[in-house]
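Commentary on secondary and tertiary structure
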Amino acid sequence: MNTLIYTSVLGFATMLMEVLNLRKFIVPLAVIGLAVIFGLNLQDWNQPSTHFNDMLGVSNFSVAFSGLALFITLIILVMAGEYYTNDENHISDYVAILIFITAGAMMMMSFNNLVMMFLGIETLSIALYALAGSKRFDTRSNEAGFKYFLMGSFASAILLFGIALVYGSVHSFHLSLIASFISENSTLPPMFITGVILIGFAMLFKVSAAPFHFWAPDVYEGAPALITAFMSTLVKIAGFAALYRLVTIGFNNGTPQTDQMLYVVAILTLLTGNLSALAQDNFKRLMAYSGISHAGYMLLIVLSAKSNVSSTLFYYSAAYAVAGLAAFSVALPVFKSTGSELLSAFNGLGKKNPVMAAGLTMAMIGMAGIPPFAGFFGKFYLFTKAFESGLFYIVLLAVINSMIGVYYYFKVIMAMYGKQPDETQIENPLSYQLVMWVCTALSLLWGIVPSLLTDLLL
Amino acid sequence: MLSLELLFIPLFASLLILFAKGKAARALALVFTLIQLLVTGYAYTIYKANGGAAFEFTQAWVKSPVINIHFGVDGISLLMVMLTNLLLPLIVLSGFNREAKRPHIFYALMLFMQFALNGVFLSMDAFVYYIFWELALIPIYFIAFNWGDENRAKVTIKFFIYTLVGSLLMLFGFVFLYLSSPQHSLDWNTLTQFKTCSCNQTWLFWLLFAAFAIKIPIFPFHTWQPDTYKSAPTQGTMLLSGIMLKMGTYSLIKWLLPIVPDGFKEWQAVVITLSVIGIVYASIIAIMQTDLKRLFAYSSIAHVGLIAAGVFSFTQQGLQGSLAQMFAHGINVVGLFFCADIILSRTGTLQISNLGGIRNQNRLFSSLFLIVVLGSVALPLTNGFIGEFLLLYGVFEYNTWLSVFAGLTIILGAVYMLRMFQNVMSGPDSEHISSFPPLHWNEKLVLILIGGLIILTGVFPAPILELTQPAIDNLLK
């Protein structure tokens, strides 16, 4: 809980720094601040507690995921200093909004009460609408911001309606009371079921699962690339943490209705994400569809919630995050130097800059789930757990889908090594290089020693 | 503990070579592959062939799901480790007069490949085995993709996805085995002792077999192979055909047979028939080929088809023969592709019709090439003979008619190999060849060593057979 307060305070502090004319120091101070909060966050390890009349519950689950959220934001901020070099007038706004998104994500990882969940989702979403449209003079960015806002507020309305219906049956917003309501009533009232399904729809929208995914490619493509990196990592992970928490604590590890819904959605998401990704020639759209397919895999984890899979979700999220961040740490300078966000921007990168090409190659191999990177163990762990819960056919489908995945991840690799380079030189600033090395090293380390993460949440 | 050394020497070398420059890279690669060969030789001398595992190393790795690192060798895997580490110095040496661009990356990938291959053969835990199996794919993909010819982009992605499809199905099978094993373990000993019910073995067999059949490749899973062999750089083709396809045939014996014995018996007839079809089919296509490398690629499909048929005959002779033939085929096929590369580098063509009369220009090369060709058509007293003889004997014990068709491989093999040799080496002088410069010292050395090995293991096959005998007896029990 303290972590949440510190993070919010840090967000306000960055806005104050603007007033105090400390603009140059905003990014370094915010990075240091996040690192300190990351350390403070660890103090809550193994000390479960509840706060604000049981609105928030601190547990190892929330501490681990908050740590991951802080880590991702920290990495994004390291890159933000470089990314916003020509936009220094607004740097404090961007940094503050990024930090508020993290605060929202933390609420989504530790709520005990539907109201708190809604607050978290809105804090995260509204800040994100602003960031997606933050390139004011770019029509694409405007479109992204507006589209995301329209669709997102619609989803929020559905979510509220669902919460209201659930409240109408349970007479409480508390997850534990909802859970006992489910176990006490052998037949659930239709109003409750409708509410649960509406909540599910809204959550599936937030994690961009099919058929609620249509916003994702357009928003990912239009938003500034750094924000795309942020959306494809932290926002997705926060959405899944919230969904998992909702299903495990609130819905007694999944009611038959939610299970059926998630089952169908998982199949659709896996197929839509992977098959659509095959045809993409824009890197950001590719990452959007790859993100959709990863959402499909992560839905399998939520579906297997009956056996304790929080460590699987955590491992998969962490592996996915570092691979995604490493990929964007190479993509951002390439976009900037070539002025293009198409896959052809990577043509000949293997000749122009072998180190960057190697980094992106490892990130893509990690995303495709090939050893020795963490992405592979994540998939194996996921398949094992889902199989254990009896999800035989859908695991087979997921296995087939990861084969499809290899093709489009390797499209990037083939562009880098197989195509002729053009004249443009790629400038690769130090901060991007640092991020690439750290994330690749972590991906490799977690892949070789998975117990570093898997043993945390057993 | 020797297993760890066998693993870490190439890994360390590969990281070291990454920082070397130019010629130092290949010199370092040669030094380390030779060190690795010495260590392998030492392992062979102290190994007692008793059918059990030796040089074992176990270490807990992940608590949930329970995964332990387990390395060790029995006679079968030691033979494969020997083949790998024997061929690697030859493959490295064969590139000594070739200028590869960015040699430090090329040789680093090659040594990394050696690390992964050793890992595949040393692993005694299915999960670790799977990791090395996939790990071996990455360096060879980049070798074929970055140093291959103009068709490489299309060809290598086909190869990569094709083999990955198999691997993922195998992973799915392993996940199932992991969950159904009583103590949740993927250790080789556990998997071979507990038997899942034959209702599951029926389909488990195909999940595992898919991975191996694609890698070997067994007809009709072979379509990636000729293009990839043709388009990869010669040293990459040597790695692929000499060692990497042995991962598949080795896994048939080491993993598939003991883990799903009932499934193995159930599908025995189907697979053995497919293999024999593959033998005849590939041999006929090989006769039609006009390109040397493609001819060797198809002859390789025919040979490994026979190896697979021998394994699936499930007889003492068939299994023995398959192991002897794996060892022999590894050496021969490396020799064949090297000869093709020598011809290509001197004449600029691999079209058989454009070649001819090389014997008059270079007697030494011609004699050495002949030894390799004879080894590969399984002439008595060459290394190919004992393996093919035992294989055919094994298939004969299973079914007479199949053995007749499989026996065609010897006749057809002689047809296409000797006709090729005649057209390329003797025959009238071709106008495409003005001169055939003498062999470089490294080319001479490699070919003489390969020729020596072909004759040596042809005359004295006993050490190979004795090495694998106890392990095979264990399997047949």
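All values reported here derive from a predicted model rather than from experimental measurement. (Residues numbered from 1 in each chain as written. Chains lettered and ligands numbered in written order. Predicted model: local features only at pLDDT ≥ 70, side-chain atom pairs only at ≥ 80, totals over all residues.)

**What to know about the overall build of chain B**
Helices and strands together make up the secondary structure of chain B, namely 20 helices and two strands. A compact globule built from 477 residues should have a C-alpha radius of gyration of about 23 Å, and chain B, at 21 Å, falls within 12% of that. Reported as C-alpha extents along the three principal axes, the dimensions of chain B are approximately 70 × 55 × 45 Å. Burial statistics for chain B: of 477 residues in total, 59% are counted as buried. Look at the contacts in chain B between residues 6 or more apart in sequence, and 80% of them connect residues 24 or more apart. (Helix = DSSP H or I, 4+ residues; strand = E, 2+ residues; numbered from the N terminus. Rg over C-alpha atoms; globule rule 2.2 N^0.38 Å. Buried ≥ 20, exposed ≤ 12 C-beta atoms within 10 Å, placed from the backbone. Contact = placed C-beta atoms within 7 Å.)

**Some details on the overall build of chain A**
Scanning chain A from terminus to terminus reveals 19 helices and two strands. Whereas a compact globule of 458 residues would reach a radius of gyration of roughly 23 Å, chain A reaches 21 Å, a difference of no more than 12%. In terms of principal-axis extent, the alpha carbons of chain A reach across some 70 × 55 × 40 Å. Out of the 458 residues belonging to chain A, those deemed buried represent 61%. Across chain A, contacts joining residues at least 24 apart in sequence account for 79% of those joining residues at least 6 apart.

**Description of the confidence of the model for chain B**
Scored by pLDDT, chain B has a mean of 88; 99% of the residues are at 70 or more. Per the prediction output, this complex has pTM 0.92; the corresponding ipTM is 0.89. (pLDDT = per-residue confidence, 0-100.)

**Focus: the nonpolar core**
Formed by 367 residues in total, the largest nonpolar core has its most connected members in A:Val95, A:Met108, A:Ala238, B:Ala136 and B:Leu208. For this core, the element with the highest residue contribution is helix α13 (residues 310-338) of chain A, accounting for 19 residues. Both domains that meet at this core, namely domain 1 (1-259) and domain 2 (260-477) of chain B, each give it at least three residues. Residue contacts for A:Met108: discarding those within four places in its chain leaves A:Met117, A:Gly120, A:Ile121, A:Leu124, A:Ala238, A:Ala241 and A:Ala242. (Core = buried A, V, L, I, M, F, W, Y, C linked by C-beta atoms within 7 Å. Domains from an automatic or database assignment.)

**A few points about the packing of helix α15 (residues 354-368) of chain A against helix α18 (residues 430-448) of chain A**
Residue and element names in this part refer to chain A. Viewed as axis vectors pointing N to C, α15 and α18 meet at an angle of 35 degrees, and their least axial separation amounts to 10 Å. As for how α15 packs across α18, the hand of that crossing is left-handed. In this structure, α15 contributes Gly359, Met362, Ala363 and Gly366 to the contact, and α18 contributes Met436, Thr440 and Ser443. (Axes fitted to C-alpha atoms, helices over the stretch in contact; angles between N-to-C directions. Left-handed = near helix turned anticlockwise from the far one by under 90°.)

**Comments concerning the interface of chain A and chain B**
Across the boundary between the two partners, chain A contributes 26 residues, which contact 23 residues of chain B. Contributions of two or more residues to the side of chain A that touches chain B are made by α16 (374-388), α17 (392-418) and α19 (451-454) of chain A. Take the side of chain A that touches chain B: its biggest share by element is 10 residues, from α17(A). Of the residues belonging to the side of chain A that touches chain B, the class tally is 18 nonpolar, six polar and two charged. (Nonpolar A, V, L, I, M, F, W, Y, C, P; charged D, E, K, R; others polar.)

**Here we look at the domain arrangement of chain B**
All names here are of chain B. Domain annotation of chain B identifies domain 1 (1-259) and domain 2 (260-477). The distance between the C-alpha centroids of domain 1 and domain 2 comes to 22 Å. On the side of domain 2, 51 residues touch domain 1, which itself brings 46 residues to the contact. The set of elements that each furnish at least two residues to the side of domain 1 that touches domain 2 consists of α3 (75-94), α9 (198-215), α10 (225-231) and α11 (234-259). Ranked by residues supplied to the side of domain 1 that touches domain 2, first place goes to α11 with 15 residues. Its residues placed into classes, the side of domain 1 that touches domain 2 shows 28 nonpolar, 15 polar and three charged.

**A short note on helix α2 (residues 26-42) of chain A**
All names here are of chain A. Over its 17 residues, α2 extends 24 Å from the first C-alpha to the last, a length consistent with the 24 Å expected when each residue adds 1.5 Å. Every buried residue of α2 is accounted for by Ile26, Val27, Ala30, Gly33, Leu34, Ile37 and Asn41. Taken down its axis, α2 places every buried residue within 120 degrees of arc, on the same side. Exposed residues lying more than 90 degrees from the buried face of α2 are Pro28 and Gly39. For α2, the secondary structure elements touched by its buried residues are α1 (2-19), α3 (60-83) and α4 (91-110). (Expected span 1.5 Å × (residues − 1). Arc of directions from axis to C-beta.)

**Section: unusual backbone geometry**
Cis geometry is found at the peptide bond from B:Ile216 to B:Pro217, where omega equals -10 degrees. Inspection of the secondary structure assignment puts B:Pro217 in the loop between α9 and α10. Following B:Phe219, the chain continues into B:Pro220 via a peptide bond in cis, with omega recorded as 0 degrees. Tracing the backbone shows B:Pro220 in the loop between α9 and α10. Despite not being glycine, A:Asn53 has its phi angle at roughly 55 degrees, a positive value.

**A few points about the packing of α13(A) against α15(A)**
Residues and elements named next belong to chain A. The contact between α13 and α15 brings their axes to 8 Å, and the two run at 150 degrees. Judged on the interaxial angle alone, α15 and α13 are roughly antiparallel. Handedness of the α13/α15 crossing: left-handed. Contacts between α13 and α15 involve Ala323, Ala326, Ala327 and Val330 from the former and Met356, Gly359, Leu360, Ala363, Met364, Gly366 and Met367 from the latter. Of the residues belonging to the contact of α13 with α15, the class tally is nine nonpolar, two polar and no charged. (Parallel < 35°, antiparallel > 145°, perpendicular 65-115°, else oblique.)

**Concerning helix α5 (residues 126-135) of chain B**
Residues and elements named next belong to chain B. Burial runs high along α5: 10 of the 10 residues are buried. Within the sequence span of α5, burial applies to Ala126, Phe127, Val128, Tyr129, Tyr130, Ile131, Phe132, Trp133, Glu134 and Leu135. Residues of α5 that are buried in the fold lie against β2 (67-73), α4 (103-122), α6 (137-147), α7 (152-180), α8 (188-193) and α11.

**Thoughts on the pairing of strand β1 (residues 54-62) of chain B**
All names here are of chain B. Pairing geometry for β1 and β2, over six bridges, is antiparallel. Within the sheet, the bridge partner assigned to Ala60 lies in β2 and is Asn68. Turn length for the β1-β2 hairpin, with the two strands adjacent in sequence and antiparallel, is four residues. (Pairing = 2+ DSSP bridges.)

**Section: the environment of B:Trp188**
All names here are of chain B. With respect to the helices and strands, Trp188 occurs in helix α8. Overall, the presence of 22 C-beta atoms within 10 Å leaves Trp188 in the buried class. Placed 28 residues apart in sequence, Trp188 and Ile216 show a C-alpha to C-alpha distance of 22 Å. Those residues in contact with Trp188 that sit more than four places away from it in its chain are Met124, Asp125 and Ala126.

**Observations concerning the environment of B:Phe421**
Residues and elements named next belong to chain B. Turning to its location among the elements, Phe421 is positioned in helix α18 (residues 400-425). Along the primary structure Phe421 and Phe369 are separated by 52 residues, whereas in three dimensions their C-alpha atoms are 8.5 Å apart. Residues in contact with Phe421, not counting those within four places in the same chain, are Leu370 and Val373.

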